[in-house]
Amino acid sequence: KKGSYDHFMQKEIHEQPHSLTTTMRGRLKDGGVLLGGLKEHLKTIRRCRRVVFIGCGTSYNAALAARPFVEELTGIPVTMEVASDLLDRQGPIYREDTAVFVSQSGETADTLLALDYALENGALCVGITNTVGSTLSRKTHCGVHINAGCEIGVASTKAYTSQIVAMAMMALAIGSDQISTQARRNAIISGLTSLPSCVSGVLKLDAEMKELASSLIDSESLLVFGRGYNYATALEGALKVKEVALMHSEGMLAGEMKHGPLALVDENLPIIVIATRDACFSKQQSVIQQLLSRKGRLVVMCSKGDASAVCPNGSCRVIEVPGVADCLQPVINIIPLQLLAYHLTVLRGFDVDQPRNLAKSVTTQ
Ligand code: UD1
Ligand code: BG6
Ligand code: NA
């Protein structure tokens, strides 16, 4: 079933042009979006007071990647909840809320308990899941199957990108009654259409990421700085590295750098900075300058052709990625980090598909 690949994680990373195609199949129509699972509920969702995203692990990170464009296209405030933390706090959930549960398996215990809690509190409950017939799919009022195909590697890869795309289509569908954002929606829809070929393009960085991995093999730690649309990319990239390569790694909000993380910077600690083109680009350029002035060991991810704009005197390593619509860029940017985590794991001699102490689906609290 792995075909020509050595591991399921590797196969699942490389099949993303296809999995993203199946996520969108039949759902982008006449310049608009048709999600059969949501269409009866769009009016209710448009009237809600807030959207609350709830999930664990990679699925939480996917929701975090979706947050900016859901806010932008719908105008509805979005809050984020790690499922276990919502339960620990017994945080307020209201009838006027739309609670969106994100889970690849649809069987994660914390997420399902948070779903029971939101149902008791009267919220409209929406599922985003890869598993038809799962408990999440059955118990939610409505939702979207991401149709990424079965994911076997414990570290989620193709489900992450398909979750983001499913939520992009959800945001487009909710916002489809707004005239003021029509042009923006059209640009995102054309971005979605070009995404599979863009993903094929970024997968060509495989050998480059293997080489980067070999330079990081003995590092104790790896930081990843992102912001805006790519804050989630930083968290998810770091999660991949820690869960499979068993290396300490933290994703950080670049805007918080001066409030603590800067103290860690020296010539040894490797730091990845995500600085692809969007409204935060110039802020990331100044973050890079500040890190370089403290002799930081930097790897900068930037848009194609921007190497000298992010790293004027060639003092850092650069990963150039193809550009898509800014809000979809997280789908592209995570892929070099998935490849990096994969190669780092193989080079360090750890089990790629079955990382130490972890399970694909955590069905107990
Ligand atoms: C559905 C069919 C698909 C068919 C298409 C044709 C299923 C599972 N899907 O896809 O095979 O090709 O029509 O028009 O038969 N749901 C939840 N919670 C979730 C996810 C989904 O309640 O977490 C519900 C939806 O609200 C919907 C149903 O499950 O009622 C199917 O969802 P989905 O597969 O996303 O719908 P379609 O894309 O319309
Ligand atoms: C487990 C997995 O912790 O559950 C993670 O090891 C996953 O990879 C998390 O992200 C959430 O799983 P699900 O199925 O709810 O998306
Ligand atoms: Na359901």
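In the block above lies the structure referred to throughout.
Figured I'd write up the structure that's included with this text. Nothing here was measured: the structure is a model prediction, and the numbers come from that model.

Quick look at the coordination of the sodium ion (ligand 3) now. Reference geometry at the metal: tetrahedral coordination by four donors gives ideal angles of 109.5 degrees; octahedral coordination by six donors gives 90 or 180 degrees. Coordination of the sodium ion (ligand 3) by the protein is provided by Ser137 (O) and Thr140 (O), with metal-donor distances spanning 2.4 to 2.5 Å. By relative accessible area, which is 22% here, Ser137 ends up partly exposed. Residue Thr140 is classed as buried on the basis of its relative accessible area of 8%.

Turning our eyes to something else, we now look at helix H4 (residues 57-74). Look at H4: 25 Å from first C-alpha to last across 18 residues, which is about the 26 Å you get at 1.5 Å a residue. The element H4 is largely enclosed, with a buried count of 13 among its 18 residues.

Below, the discussion takes up the site of ligand 1. Taken together, 13 residues form the shell around ligand 1, and within it Arg27, Gly37, Thr140, Gly143 and His145 come nearest. Residue Gly37 places a main-chain N or O atom 2.8 Å away from an oxygen atom belonging to ligand 1. Between ligand 1 and Thr140, the relevant distance is 2.7 Å, taken from a nitrogen atom to a side-chain nitrogen or oxygen of the residue. If ligand 1 stood free it would expose 730 Å²; the protein chains cover 51% of that surface.

Here is a general trend for soluble globular proteins: nonpolar side chains tend to be buried in one another's company. Formed by 90 residues in total, the largest nonpolar core has its most connected members in Phe53, Phe69, Ile128, Met167, Met170 and Leu192. Ranked by the residues each element gives to this core, the list is headed by helix H8 (residues 158-174), at 13 residues. Leaving out residues up to four positions away in the same chain, Leu192 has contacts with Met24, Leu28, Val165, Ala168, Met169, Leu172 and Leu328. Core analysis: the next-biggest nonpolar cluster, separate from the first, contains 22 residues, Ala254, Val265, Val287 and Leu298 among them.

A separate point is the pairing of strand E3 (residues 50-55). Of all six residues in E3, six are buried; the element is thus mostly enclosed. Of the two faces of E3, the one carrying Arg50, Val52 and Ile54 and the one carrying Val51, Phe53 and Gly55 are both buried. Bridge count for E3 against strand E5 (residues 97-103) is five bridges, and the pairing is parallel. Bridging from a neighbouring strand, Ile54 pairs with Phe101 of E5. Where E3 and strand E4 (residues 78-82) come together, five bridges link them in parallel fashion. Across the sheet, residue Ile54 finds its bridge partner in E4, namely Glu81. Between E3 and its parallel partner E4, the chain crosses via H4, and the hand of that crossover is right-handed.

Calculation rules
Residues numbered from 1 in each chain as written. Chains lettered and ligands numbered in written order. Predicted model: local features only at pLDDT ≥ 70, side-chain atom pairs only at ≥ 80, totals over all residues. Heavy atoms only, no water. Donors = N, O, S within 2.8 Å, 3.2 Å for Na, K, Ca; no water. Buried < 20%, exposed > 50% of the residue type's maximum accessible area, 1.4 Å probe, protein only. Helix = DSSP H or I, 4+ residues; strand = E, 2+ residues; numbered from the N terminus. Expected span 1.5 Å × (residues − 1). Near = heavy atom within 4 Å. Polar contact = N/O pair within 3.5 Å; in protein donor to acceptor, adjacent residues only side chain to side chain. Areas by Shrake-Rupley, 256 points an atom, 1.4 Å probe, with all protein chains shown as cover. Core = buried A, V, L, I, M, F, W, Y, C linked by side-chain atoms within 4.5 Å. Contact = heavy atoms within 4.5 Å. Pairing = 2+ DSSP bridges. Right-handed = clockwise from strand over helix to strand, strands pointing away.

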